[in-house]
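Summary of structural features
So the chains spell out like this:
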Amino acid sequence: MLALLLAKSTPTVSRVFCALGFGLLVLVVSEVAAGQTASSGGIGGERDTRHRVGLGDNRENYESASFVTHSEAIVPLVLPNTESEDGVNQVAVFEALEYRLGLPALTDDLRPEEVSLGRALFFDRRLSANATLSCGMCHIPEQGFTQNELATPVGHEGRSVRRNAPSLYNVAFRENLFLDGRESSLEDQVWSPLLAINEMANGSRAEVIARIRAMPEYGRRFTSLYEEGLTERTLGLALASYQRSLIAGKSSFDLWFFGPASGSGTTGLGGNRHSSEHEGGLARADFSLEAEKGFAIFLQVGCAACHTLESHSAMFTDGKFHNTGVGFRRVLKNQQPRRVQLAPGVYVEPSVLLETEVLSDQGRSEVTGDESDRWRYRTPTLRNVSATAPYMHDGSIPTLEAVIAFYNQGGGGDPEQDARIRPLGLTAGEQASLIAFLESLRAPNIDFLAQQARDGGIGDNH
Ligand code: HEC
Ligand code: HEC
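Residues numbered from 1 in each chain as written. Chains lettered and ligands numbered in written order. Predicted model: local features only at pLDDT ≥ 70, side-chain atom pairs only at ≥ 80, totals over all residues.

**Quick word on the environment of methionine 200**
Within the fold, methionine 200 resides in the loop between α5 (191-195) and α6 (205-213). The class of methionine 200 is buried, set by 27 C-beta atoms lying within 10 Å. Along the chain, methionine 200 and serine 134 lie 66 residues apart, while their C-alpha atoms are 7.7 Å from each other. (Helix = DSSP H or I, 4+ residues; strand = E, 2+ residues; numbered from the N terminus. Buried ≥ 20, exposed ≤ 12 C-beta atoms within 10 Å, placed from the backbone.)

**Re helix α3 (residues 112-122)**
The buried fraction of α3 is high, at nine of 11 residues. For α3, the set of buried residues is Glu114, Val115, Ser116, Leu117, Gly118, Arg119, Ala120, Leu121 and Phe122.

**So, helix α8 (residues 232-244)**
Look at α8: 18 Å from first C-alpha to last across 13 residues, which is about the 18 Å you get at 1.5 Å a residue. Along α8, 10 of the 13 residues are buried, which leaves the element largely enclosed by surrounding structure. Each element contacted by the buried residues of α8 is listed here: α3, α4 (186-189), α6 and α7 (216-225). (Expected span 1.5 Å × (residues − 1). Contact = placed C-beta atoms within 7 Å.)

**Things to note about the site of ligand 2**
Around ligand 2 there are 27 residues in total, and Cys303, Cys306, Val326, Tyr391 and His393 lie nearest to it. Taken together, the elements giving at least two residues each to the shell around ligand 2 come down to α14 (400-408) and α15 (428-439). In terms of residue class, the shell around ligand 2 is made up of 18 nonpolar, seven polar and two charged. (Near = placed C-beta within 6 Å. Nonpolar A, V, L, I, M, F, W, Y, C, P; charged D, E, K, R; others polar.)

**Remarks on the environment of serine 241**
Within the fold, serine 241 resides in helix α8. Classification of serine 241 as buried rests on a count of 27 C-beta atoms within 10 Å.

**Observations concerning the site of ligand 1**
Lining the immediate surroundings of ligand 1 are 26 residues, of which Cys135, Cys138, Gly155, Pro166 and Pro193 lie closest. Among the secondary structure elements, those contributing two or more residues to the shell around ligand 1 are α4, α5 and α8. Counted by class, the shell around ligand 1 contains 19 nonpolar, four polar and three charged residues.

**Regarding the packing of α3 against α8**
It is at 7 Å that the axes of α3 and α8 come closest, and there the two elements cross at 100°. Here α8 runs roughly perpendicular to α3, going by the angle between their axes. Taking contact as the criterion, the partners of Glu114, Val115, Leu117, Gly118, Arg119, Leu121 and Phe122 in α3 are, on α8, Ala238, Leu239, Ala240, Ser241 and Tyr242. The class makeup of the residues in the contact of α3 with α8 is eight nonpolar, two polar and two charged. (Axes fitted to C-alpha atoms, helices over the stretch in contact; angles between N-to-C directions. Parallel < 35°, antiparallel > 145°, perpendicular 65-115°, else oblique.)

Structure (structure tokens):
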């Protein structure tokens, strides 16, 4: 009972949203817990020791190679007492499983202790080479497990990352990982950000394992979960386990379409779409008439050809790779200038490509080597899409309104783009209905997932 109460209570830690910009970290304090004094010290000068977490990072000289964080939260950790922590985790897993309506079957068991360990690691900055960057700083819980404030993240020592950070909601159900599909196992995938020089920049797998091994608070937890203790494999298992727990279905659309009264279980694809008898009934829940209209348009103009639905579940993605013209549009925007101004009145005609390797992004063809796959990207899920702005692989479209306008005008205009992306001629009202439908795909538990991310009281969790 105590555990339940603890799990449901408002988190007492101050919430700090970390946004990275131009090589400097900008801290935006969204909420300071009652009784806690916001510090004006922190940056430079004497450190203010009154607060426990959040505000205290001295990131002066962050951009220099010798930077060492002074985050208070990476002093040796005090684990919360096991009883309440397990309670929190039990509730977390129970809650996660509650929100499966509309999602495919979960193939892996969620073990509360494993989820909890993965969560601690996910928010621990010490997993990066200079102890500044956790997974949770690019996949921010309060920002849809992506970054709402940056089109593309900034990683180690301010280096650019060329793609938008995908949201991790329902990542358990993704067959292809990364926007070009270069990985498929969530367990193996973790090494990509851990080792990438522009993300967490560790020198080797062994270096990461050795560093975590030196942290006394993790050893016991690994050995109690896995016979082999902490290894490259079990680090992947733990991190994947937390990510698999980010289950977010049961939206108002799901209740209407897949809910008990919808009839979709027996009649296959269709659900309430064909039956007016449930109108106003239980299954409709919060699913508005406007959203229903939007869903009809969604099917009618062919969005569902790529953002697919199955008879018993819907991820709104076919898991395949398509060219919608975003890559083309990006290159047009960054078109090689014919003349570059060096000083007032001084111009040169550049003979080298100005777009750097970092920005160049060929999409799926980087994986397959097949020229025809250029600028194809994985179809993203549309679940919880209203919480995961900005959009597209490069975060180049800031709002859902602008995404719909993009489709309405016929995509990016690449002559080689998918033929199904063509001008739609939708009225303003129809576009608004489409957006209402997309908004209806938002799970009711996403605030809980954000709260639970911070609730563990473990790891360097901001
Ligand atoms: C510097 C920012 C940054 C950090 C730190 C980071 N990620 Fe990511 N993550 C990204 C970006 C950007 C992508 C997309 C890359 C691509 O598609 O090429 C991504 C992709 C992913 C994906 C694939 C999701 C999908 O839909 O395919 C997973 C899973 C993931 N990250 C988990 C993690 C984990 C676990 C960590 C910590 C070990 C981590 N990330 C650290 C930015 C980051
Ligand atoms: C030919 C397949 C295809 C069709 C048809 C299609 N999409 Fe997409 N959609 C994609 C792909 C691929 C992307 C990602 C493009 C990128 O990352 O550059 C995408 C991205 C999106 C996004 C942004 C999601 C995010 O998280 O970034 C939204 C919203 C969206 N589509 C909605 C729609 C709607 C609404 C329609 C119908 C008007 C539609 N799509 C038709 C393939 C398709």
